[in-house]
Amino acid sequence: PLCGHQAAIQSAGAVSALAFSKHSDNLFATGGDLTLRIWEVSINEKTRKIIPTDCNLGQLKRIVNCIEMCDDGEHMYCGTTSGDVMLVNINTCLLKQFGPQKD
């Protein structure tokens, strides 16, 4: 657990990928067996929190094995064991694209 939060949802497996934002010291992502999360660190005088947000990948069920935060600070690429690469919006936690398309 990270500050009382599991690194993956209970129905998912282990986390195997971690990436830090290139634009914020307070943002990072984790991925693994059927899970992808964006984490925001919130530290002030009264509280210290790490807030997880699960990314919505729609019907895709993938095992994430690598994550790369984009230089634009708004997107990340996630490589999967199936060979797909997913483009995810960091701000909305929504899948934007994935590919390559299968024949």
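Scoring rules and cut-offs
Each chain has its residues counted from 1, running along the sequence as written. Confidence filtering applies because this is a predicted model: local features only for residues at pLDDT of at least 70, side-chain atom pairs given and counted only at 80 or more, and all residues used for totals across whole chains, interfaces and linings. Each side-chain value is derived from all of the structure's non-hydrogen atoms; neither hydrogens nor water enter the calculation. Among the buried residues, those of types Ala, Val, Leu, Ile, Met, Phe, Trp, Tyr and Cys that are joined through side-chain atoms within 4.5 Å form a nonpolar core. Using a 1.4 Å probe on the protein chains alone, a residue whose accessible area is under 20% of its type maximum counts as buried, one over 50% counts as exposed, and one in between counts as partly exposed. Helix numbering and strand numbering both begin at the N terminus, where a helix is a DSSP run of H or I of at least 4 residues and a strand a DSSP run of E of at least 2. Contact definition: two residues touch when any of their heavy atoms are within 4.5 Å. Stacked, edge-to-face and tilted labels apply to pairs of Phe, Tyr and Trp rings (six-membered ring for Trp) whose centres lie within 6.5 Å, assigned for plane angles under 30 degrees, over 60, and everything in between, in that order. By this definition, two strands are paired if DSSP reports at least two bridges between them. Fitted lines through C-alpha atoms serve as axes, helices being fitted only where they are in contact, and the angles separating the N-to-C directions of these axes extend from 0 to 180 degrees.

A. Representation of the nonpolar core. Leu36, Ile67 and Met76 are the most contacted members of the largest nonpolar core, which totals 18 residues. Contributing elements (two or more residues each) for this core: β1 (15–20), β2 (27–32), β3 (35–43), β5 (64–69), β6 (75–80) and β7 (85–89). Residue contributions to this core peak at 3 residues, all from β5. If near-sequence neighbours (up to four positions away) are discounted, methionine 76 is found in contact with Ala29, Leu36, Ile38, Cys55, Ile67, Glu68, Met69, Cys70, Met86, Leu87, Val88 and Ile90.

B. Seen up close, the packing of aromatic side chains. Taken as a whole and assessed by the stated rule, the structure comprises 2 aromatic pairs. Geometrically, the ring pair formed by phenylalanine 20 and phenylalanine 28 is tilted, given 5.9 Å between the ring centres and 45 degrees between the ring planes. With a relative accessible area of 10%, phenylalanine 28 lands in the buried category. Geometrically, the ring pair formed by phenylalanine 28 and tryptophan 39 is stacked, given 5.8 Å between the ring centres and 0 degrees between the ring planes. Remark: tryptophan 39 occurs in strand β3 and phenylalanine 28 occurs in strand β2; sequence separation between them is 11 residues. Note on tryptophan 39: relative accessible area 0%, which makes it buried. Through successive ring pairs, a cluster of aromatic residues spans Phe20, Phe28 and Trp39.

C. Summary view of the sheet that holds β7. Pairing in this open sheet of 4 strands is antiparallel, and the strands run β5-β6-β7-β8 from one edge to the other. Each of the sheet's edge strands pairs with one partner strand only, and the pair in question is β5 and β8 (94–99). Averaged over all pairs of adjacent strands, the angle between strand axes in this sheet comes to 25 degrees, irrespective of strand direction. In this sheet, β6 lies alongside β5 in antiparallel orientation, the contact comprising 5 bridges. Bridged to isoleucine 67 within β6 is cysteine 78.

D. View of the pairing of β6. Most of β6 sits inside the fold, with 5 of its 6 residues counted as buried. In sequence, β5 turns back onto β6 through a hairpin of 5 residues, with glycine 73 there showing a positive phi of about 75 degrees. Remark: 4 residues form the turn of the hairpin made by β6 and β7, two consecutive strands paired antiparallel; glycine 83 in that turn has positive phi of roughly 95 degrees.

E. Just unusual backbone geometry, in detail. Following glycine 99, the chain continues to proline 100 via a peptide bond in cis, the omega torsion being 5 degrees. With respect to the helices, strands and loops of the structure, proline 100 is situated in the segment after β8. Backbone geometry at cysteine 93 places phi at a positive 60 degrees, although glycine is not the residue there. Among the structural elements, cysteine 93 can be located in the loop between β7 and β8.

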